[in-house]
Amino acid sequence: MTGEQGGAARWYPHLWAGTLLTQAAYNAARMLVSYRVLELGGDGTALGVITALFALLPLVVAVPVGRAVDNGHPAGVLRAGVAATVAALLVLALSGDLVALAAGNILLGFAQILVTVAGQGFIPLLSDARDIDRRFAGWALATSIGQTAGLPVAGLVTSASSGHGGVSTTAGLLALGGLAALALPSALLMPVVGAQRARAEQRGSAQSVPTMLATPGMRPAMFSSLVVLTSMDVLAAFLPVLGHQHGFGVLTVTVLLMLRTGAAIVARTFLPALLRVVRRKWMLLAATLCSAAPMALIPVIPDPVVIGLFLVVVGLLWGVGQPLTMSWVVSLVTERSRASALSLRLTGNRLGQVLVPLGAGGIAGVAGAGSVFLVTAALLGLAGGFTWRAVRGTNM
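Residues numbered from 1 in each chain as written. Predicted model: local features only at pLDDT ≥ 70, side-chain atom pairs only at ≥ 80, totals over all residues. Heavy atoms only, no water.

**Q** Explain the packing of helix H1 (residues 11–39) against helix H2 (residues 44–53) here, please?
**A** Two packed helices can be described by the angle between their axes and the distance between those axes. Interhelical geometry of H1 versus H2 gives an angle of 145° and a closest axis separation of 10 Å. Note that H1 runs across H2; the crossing there is right-handed. Side by side, H1 and H2 meet where Arg-30, Val-33, Ser-34 and Val-37 of the first sit next to Ala-46, Leu-47, Ile-50 and Thr-51 of the second. (Axes fitted to C-alpha atoms, helices over the stretch in contact; angles between N-to-C directions. Helix = DSSP H or I, 4+ residues; strand = E, 2+ residues; numbered from the N terminus. Left-handed = near helix turned anticlockwise from the far one by under 90°. Contact = heavy atoms within 4.5 Å.)

**Q** Before we go on, may I ask you to explain the packing of aromatic side chains in this structure?
**A** Centre-to-centre distance and the angle between the planes together describe a pair of aromatic rings. A complete count under the given rule lists four aromatic pairs for this structure. Taking the centre distance of 5.4 Å and the plane angle of 70° together, the rings of Phe-223 and Phe-386 count as edge-to-face. Placement of Phe-223 in helix H11 (residues 218–246) and of Phe-386 in helix H18 (residues 369–391) is noted, with a sequence separation of 163 residues between them. Since its relative accessible area comes to 22%, Phe-223 is described here as partly exposed. Measuring from centroid to centroid gives 5.7 Å for Trp-282 and Trp-388, while their planes differ by 25°, and the two rings are stacked. Separated by 106 residues along the polypeptide, Trp-282 in helix H14 (residues 280–289) and Trp-388 in helix H18 bring together distant segments of the chain. Residue class for Trp-282 comes out partly exposed when judged on its relative accessible area of 41%. A residue is classified by how much of its surface remains accessible, and Trp-388, at 34% relative accessible area, is partly exposed. Cluster of aromatic residues (ring-pair linked, three or more members): Trp-11, Tyr-12 and Phe-122. Over the face of the ring belonging to Phe-54 we find Arg-30, whose NZ or CZ atom lies 3.9 Å from the ring centre. One cation-aromatic arrangement involves Arg-135 over Tyr-12; the distance from NZ or CZ to the ring centre is 5.1 Å. (Phe/Tyr/Trp six-rings, centres within 6.5 Å; stacked < 30°, edge-to-face > 60°. Buried < 20%, exposed > 50% of the residue type's maximum accessible area, 1.4 Å probe, protein only. Lys NZ or Arg CZ within 6 Å of the ring centre and 35° of its normal.)

**Q** What's the story with the environment of Ala-25 in this structure? I'm lost.
**A** By the secondary structure assignment, Ala-25 is in helix H1. According to the relative accessible area criterion, Ala-25 is buried, its value standing at 0%. Residues Ala-25 and Leu-151 lie 126 residues apart in sequence; the distance between their C-alpha atoms is 8.5 Å.

**Q** I'm lost on the packing of helix H6 (residues 132–161) against helix H7 (residues 170–181) in this one. Help?
**A** Contact geometry of H6 with H7 gives a least axis separation of 8 Å together with a crossing angle of 145°. In this structure, H6 meets H7 at a crossing whose hand is right-handed. Contacts between H6 and H7 involve Gly-150, Val-153, Ala-154, Val-157, Thr-158 and Ser-161 on the former and, on the latter, Ala-171, Gly-172, Ala-175, Leu-176 and Leu-179. Each residue belonging to the contact of H6 with H7 can be placed in one class, and the counts come to seven nonpolar, four polar and no charged. (Nonpolar A, V, L, I, M, F, W, Y, C, P; charged D, E, K, R; others polar.)

**Q** It is not clear to me how the environment of Ile-106 should be interpreted in this structure. Could you clarify?
**A** Within the secondary structure, Ile-106 sits in helix H5 (residues 98–126). Under the relative-accessibility criterion, Ile-106 is labelled partly exposed at 22%. With 55 residues separating them in the primary sequence, Ile-106 and Thr-51 have C-alpha atoms 9.0 Å apart. In contact with Ile-106, other than residues within four places in its own chain, are Leu-53, Leu-56 and Leu-57.

**Q** Would you mind going over the nonpolar core with me for this structure?
**A** Taken as a class, soluble globular proteins show a tendency for nonpolar side chains to be buried jointly. Formed by 96 residues in total, the largest nonpolar core has its most connected members in Leu-89, Leu-176, Leu-239 and Ile-298. Counting residues per element, this core draws most heavily on H1, at 14 residues. In this structure, Ile-298 is in contact with Leu-235, Leu-239, Leu-242, Ile-307, Phe-310, Leu-311 and Phe-373, ignoring residues within four places of it in sequence. Listed in part, the 19 residues of the second largest apolar core include Val-320, Trp-328, Leu-332 and Val-333. (Core = buried A, V, L, I, M, F, W, Y, C linked by side-chain atoms within 4.5 Å.)

As structure tokens, this is what we get:
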């Protein structure tokens, strides 16, 4: 690919930095939205609905956004996404009721899909084939570092601004808006890739959504990605509720969530080396099947140290699973449809992010927050079974 020639290779550090900063804002905002629901008088059902609304617009627009990226507009999509992120965090920070909070969360989900599809789309568009696995791993590493770095910012600012009467999230959300604004220069420095150049550098024709879905391996790859991502969301949304029930403070929950993202950083740092000694299919299988047991045990033992150990395990396993499903999906389609395939994967993810939190909120309202973790563990086991059926006879 000619995208590596000349000065074009300088795009990757800008993408890496922008990804880190925006993901810091997204992940920490998910935690603060949970606390803001409680702050505004909401219950577990309201939390499930508002969490699900985060994925509402992405569910509809992910594939069209992917087509726009495939057609040579990743830079414009990325810049619009970063600007929308800042705006969404301001809405969340200033929300005075659950309706305004829900509107801000919808906008934040839309912003994230723009940033994520554009960021992932740059990688196959501007990378040589031999660098795609490594750069997806690096992109995922930036995501994990950002997710980890954003949590202490949100946790410390929120704790400092909260009184003894309860948790106040306004200052924390404003701080995250400042983090997202720092990503604007990186977005502006990303190269503009014209439609004509994009088409000239991509072999094969554009594939339709039904064609991509019919490709062997596509649906198991999407389901595996969906379950892992929604498991992360369930953890981020309901661990504060579970922690509140057990008497854990905001900082304790923050540290627990950081253990999960910190473990993912370790996994993604060593993923290129792991791929040289462990077959890809075994890591894909472990990401779902082997993470089911620790997820199920989280609500069983209300000890933050034990829960922290479980979160380290699931963080390591999920840390390798997500970038590998990206490269798995990309390998199944033509070059002309790579961003579209990645956005189709994200559509599946967002479908899970709509349905699973709604179901989780209903379950939590009836059986308590702990039951949500048990249901999520069952989904992880099911995804592991589908992954095994898809990869057992392959040379992955």
